[in-house]
Each structure stands twice: as C-alpha cells, then as structure tokens.
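In case you want the letters, here they are:
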Amino acid sequence: MSAETAQGPSDTPAGALGPTSMVLGTVAAAGVWPTLTFLLMPVMLIAGGLAVAFGLTGIHHARRNGGRLWTSVTGTVLGTTGLLFPFVLVLSLG
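Keep in mind it's a predicted model, so treat the numbers as computed, not measured.

Caption draft 1: A look at helix 3 (residues 69-93). The terminal C-alpha atoms of helix 3 lie 37 Å apart, and with 25 residues this matches the ideal 36 Å at 1.5 Å per residue to within 8%. Within helix 3, the axis deviates most sharply at Leu84, by approximately 30°, and proline Pro86 lies no more than four positions further along. Thr71, Ser72, Gly75, Thr76, Gly79, Gly82, Pro86 and Leu89 are the residues of helix 3 that are buried. Its buried side turned inward, helix 3 meets helix 1 (13-29) and helix 2 (41-65).

Structure, rendered in structure tokens:
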C-alpha cells in the first residue's frame, strides 16, 4: 500500500460534510440577528435543516473513520439554532 492510496482524515466523508454543515449552519444562524430574522426566514429553515442533516452524517462518519469532529458538531449546533428559532419566534407571538 503506497502513501498515495492511504486515506487521511480529509479523505473521509466527514472531511466534506463537516465544513458544508458549518457554512450552512452559519447562514441559518445569521437569521437570529433581529434585523435579518424575517428576511432570512425561508433560508433559515432550508439551510438549518440541511446543516443538521449534513452535520449528523458528518458526526457519524467522523466517529467511525476518523476526521474532524468539531466542524460537524459546530455546524449541527448552528443549524439547530437556525432551524428552531423561527418556530420559537412564531410560538412566542401566538
């Protein structure tokens, strides 16, 4: 087995899913800012859901095959914040 074919931590699916989850989670969590909430409401729901899905998948792969766990966890937390905030906001207004 040569060094060229050996898998490193960046070659696992967590290497792609973690940063993707973190970017989508950051976009979703940006809507928590009061002036952007109603403008980014649809984006928060879509990006937050994708960030949670990609983040949980990245966590699964990072724990099994190695890779960076912190990017997947951060993306999942940010995505959950962005996903749940519109529901909490609507329930608090009603």
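Caption draft 2: Spotlight on the packing of helix 2 against helix 3. Two elements in contact, helix 2 and helix 3, have axes whose closest approach is 7 Å; the angle formed by their N-to-C orientations is 150°. When the interaxial angle is binned, helix 2 and helix 3 end up roughly antiparallel. Our pair here, helix 2 against helix 3, has a crossing hand that is left-handed. In terms of residue class, the contact of helix 2 with helix 3 is built from 15 nonpolar, 10 polar and one charged.

Caption draft 3: Representation of the side chain of Thr76 within the structure. By secondary structure assignment, the location of Thr76 is in helix 3. Look at Thr76 and you get buried, because its relative accessible area is 10%.

Caption draft 4: Inspection of a nonpolar patch on the surface at higher detail. A cluster of nonpolar side chains, Leu45, Ile46, Leu50, Leu84, Phe87 and Val88, forms an exposed patch at the surface whose accessible area comes to about 560 Å². Looking at the nonpolar patch, the elements that each hand over two or more residues are helix 2 and helix 3. Its place among the elements puts Leu84 in helix 3.

Caption draft 5: How the structure looks around the environment of Arg63. Looking at the element boundaries, Arg63 is found in helix 2. Among the residues examined, Arg63 registers a relative accessible area of 66% and is labelled exposed.

Caption draft 6: Representation of the environment of Val43 within the structure. When you line up the elements, Val43 lands in helix 2. Setting aside residues no more than four positions away along its own chain, Val43 makes contact with Val27 and Gly48.

Caption draft 7: Focus on the packing of helix 1 against helix 2. Orientation of helix 1 relative to helix 2, taken along the N-to-C sense of each, is 155°, at an axis distance of 7 Å. When the axis of helix 1 is compared with that of helix 2, the two are roughly antiparallel. The element helix 1 and its partner helix 2 pack so that their crossing is left-handed. Taken together, the residues of helix 2 that come into contact with helix 1 (itself represented by Pro13, Ala14, Leu17, Thr20, Ser21, Leu24, Gly25, Val27 and Ala28) are Val43, Met44, Ala47, Gly48, Leu50, Ala51, Phe54, Gly55, Thr57, Gly58, His61 and Ala62.

The rules behind each value
- Residues numbered from 1 in each chain as written.
- Predicted model: local features only at pLDDT ≥ 70, side-chain atom pairs only at ≥ 80, totals over all residues.
- Heavy atoms only, no water.
- Helix = DSSP H or I, 4+ residues; strand = E, 2+ residues; numbered from the N terminus.
- Expected span 1.5 Å × (residues − 1).
- Bend = angle between axes of the 7 residues up to and from the residue.
- Buried < 20%, exposed > 50% of the residue type's maximum accessible area, 1.4 Å probe, protein only.
- Contact = heavy atoms within 4.5 Å.
- Axes fitted to C-alpha atoms, helices over the stretch in contact; angles between N-to-C directions.
- Parallel < 35°, antiparallel > 145°, perpendicular 65-115°, else oblique.
- Left-handed = near helix turned anticlockwise from the far one by under 90°.
- Nonpolar A, V, L, I, M, F, W, Y, C, P; charged D, E, K, R; others polar.
- Patch = residues over 30% accessible without salt bridge, like charges linked within 9 Å, V, L, I, M, F, W, Y side chains within 5 Å.
- Areas by Shrake-Rupley, 256 points an atom, 1.4 Å probe, with all protein chains shown as cover.
- Salt bridge = Lys/Arg side-chain N within 4 Å of Asp/Glu carboxyl O.

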